[in-house]
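# An overview of the molecular structure
Residue-level listing of the chains:
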Amino acid sequence: MTTLPLLVPPFVSALVPPFVSAPAPSPAPSLVPLLVAVIGGYLLGSIPVAVLVAGRRGVDPREEGDRNPGFWNVRERLGARAAAPVFAGDMAKGVAAGLLGLVAGGAHTTTLGVVTGPSVSAAYLAVGAAMLGHAWPVFAGFRGGRSVLTFAGGMAVICPPAFVLALAVLAVTRLATGSFALGARAGVFAIPVLQLAFSPIGHVAATGALMCLIGLRFGQAALAARRP
């Protein structure tokens with residue numbers, strides 16, 4: 001009598017073991033860690049670094065220049081050296097939020113440090129919340145900035161290799177044009193393109209969603225500037 005294994009084509013039996021032995025997908029983070037990431041990210045983003053730094057010199061960036069409480073406005077009002085803590089502080093808010101989300105999601109990363117698995121949703125939510133906090137800070141009357149540096153700091157955690165390459169784009173553009181502002185813009189816009197080499201397209205789409213918030217804030221600022 002012919003046994004069952006002889007009736008199974010060889011190519012089928014060769015395909016079965018990988019599916020049978022494949023590890024189960026990592027579970028998604030529970031609601032409590034996600035809430036911690038979102039609330040913590042928003043509170044971190046709400047720290048009004050530019051207002052605190054410029055306020056020590058008697059300047060409120062929300063009332064002077066383009067009224068944006070961020071690095072560029074403080075730099076125009078007080079100079080690059082005085083604005084350096086704003087640059088570092090706003091970026092640190094994104095880094096801290098990204099790390100909070102990474103830990104809340106179980107600290108899953110690839111060998112290159114790219115956030116993966118259940119940590120992805122928590123990290124993106126935390127960074128997005130920090131950007132919202134920077135744009136509408138609870139500690140500064142909900143009058144905030146455009147979240148560019150907070151976004152960049154968050155991406156340094158979410159996809160470190162793309163962030164490092166974006167810094168290289170910034171440096172090359174700065175050398176080619178002599179403008180740090182152009183270099184910074186080129187570096188920020190390059191992040192999702194560079195991320196494609198290290199992350200799935202869904203993660204890159206999430207990065208694009210975060211950048212839409214930056215676009216929204218620039219649009220709001222342009223509309224406000226047209227008002228009498």
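Residues numbered from 1 in each chain as written. Predicted model: local features only at pLDDT ≥ 70, side-chain atom pairs only at ≥ 80, totals over all residues. Heavy atoms only, no water.

## A few points about the overall build of the chain
Applied cut-off: Comment: elements are numbered from the N terminus, with helices defined as DSSP H or I runs of at least four residues and strands as E runs of at least two. Summary of the burial criterion: residues with accessible area below 20% of their type's maximum are buried, those above 50% are exposed, and those between are partly exposed, where the area comes from a 1.4 Å probe applied to protein chains only. Whether two residues touch is decided by their heavy atoms; if any such pair falls within 4.5 Å, the residues are in contact. Shrake-Rupley sampling with a 1.4 Å probe provides the accessible areas, and residues are treated as covered by the protein chains on show and by no other component.
Across its full length, the chain holds eleven helices and zero strands. Helices and strands appear in the chain in the N-to-C order α-α-α-α-α-α-α-α-α-α-α. Considering the chain as a whole, with its 228 residues, one finds that 41% of them fall into the buried category. For the chain, contacts bridging at least 24 residues in sequence account for 65% of all contacts bridging at least 6. Carbon and sulfur atoms provide 71% of the accessible area of the chain, an area that totals close to 12,300 Å².

## Topic: the packing of aromatic side chains
Basically, it comes down to this: Only Phe, Tyr and Trp rings are paired, with Trp represented by its six-membered ring, and only when their centres lie within 6.5 Å; those with planes under 30 degrees apart are stacked, over 60 edge-to-face, the remainder tilted. A positively charged side chain is recorded as over a ring if its NZ (Lys) or CZ (Arg) lies within 6 Å of the ring centre. The angle to the ring normal must also be within 35 degrees.
Applying the stated criterion to the full structure yields four aromatic pairs. Here phenylalanine 71 and tryptophan 72 contribute two aromatic rings whose centre-to-centre distance is 5.0 Å and whose plane-to-plane angle is 70°, an arrangement assigned as edge-to-face. Tryptophan 72 sits in the partly exposed class, given a relative accessible area of 34%. The exposure class assigned to phenylalanine 71 is buried, which follows from its relative accessible area of 9%. Grouped by ring-pair contacts, the aromatic residues Phe71, Trp72, Phe87 and Phe180 constitute a single cluster. Here arginine 146 stacks its cationic end above the ring of phenylalanine 218, 4.7 Å away from the centre of that ring.

## Things to note about the side chain of threonine 207
Structurally, the position occupied by threonine 207 is in helix α11 (residues 201-226). Judged by its relative accessible area of 0%, threonine 207 is buried. Other than its neighbours up to four places away in sequence, threonine 207 contacts Tyr124, Phe151, Met155, Ile191, Pro192 and Gln195.

## Observations regarding the environment of methionine 155
Here methionine 155 lies in helix α8 (residues 148-158). Residues methionine 155 and valine 188 lie 33 residues apart in sequence; the distance between their C-alpha atoms is 9.8 Å.

## Comments concerning the confidence of the model for the chain
For clarity, the threshold we go by: pLDDT measures how confident the predictor is about each residue, on a scale from 0 to 100.
Here the chain shows a mean pLDDT of 88. Residues at 70 or above account for 86%. pLDDT under 50 marks residues 1-24. Its contacts with residues more than four places away, or in other chains, come to two contacts.

## Things to note about the packing of α8 against helix α10 (residues 180-195)
The following threshold applies: Here an axis means a line fitted to C-alpha atoms, over the contact stretch when the element is a helix, while the angle between two N-to-C directions is reported on a 0 to 180 degree scale. Working rule for angles: under 35 degrees goes down as roughly parallel, over 145 as roughly antiparallel, 65 to 115 as roughly perpendicular, anything else as oblique. Crossing handedness: left-handed means the near helix sits turned counterclockwise from the far one by under a right angle, and right-handed means the same turn made clockwise. Each residue is assigned to one of three groups, with Ala, Val, Leu, Ile, Met, Phe, Trp, Tyr, Cys and Pro labelled nonpolar, Asp, Glu, Lys and Arg labelled charged, and all others, Gly among them, labelled polar.
Interaxial distance between α8 and α10 falls to 11 Å at its minimum, and their mutual angle equals 25°. Judged by the angle between their axes, α8 and α10 are roughly parallel. The interaxial crossing formed by α8 with α10 has left-handed handedness. When α8 is examined against α10, the residues Val148, Phe151, Met155 and Ile158 are found in contact with a partner set consisting of Val188, Ile191 and Gln195. A breakdown of the residues in the contact of α8 with α10 according to their chemical character gives six nonpolar, one polar and no charged.

## Here's the deal with the side chain of threonine 173
Along the chain, threonine 173 turns up in helix α9 (residues 160-177). Beyond its immediate stretch of four places on either side in the chain, threonine 173 contacts Gly178, Leu182, Gly183 and Ala186.

## Remarks on helix α6 (residues 80-104)
Note the following rule: A helix's residues, less one, multiplied by 1.5 Å, set its expected span.
In this model, α6 (25 residues) spans 36 Å end to end at C-alpha, consistent with the 36 Å of a helix rising 1.5 Å per residue. Backbone geometry just after α6 places glycine 106 at a positive phi near 100°.

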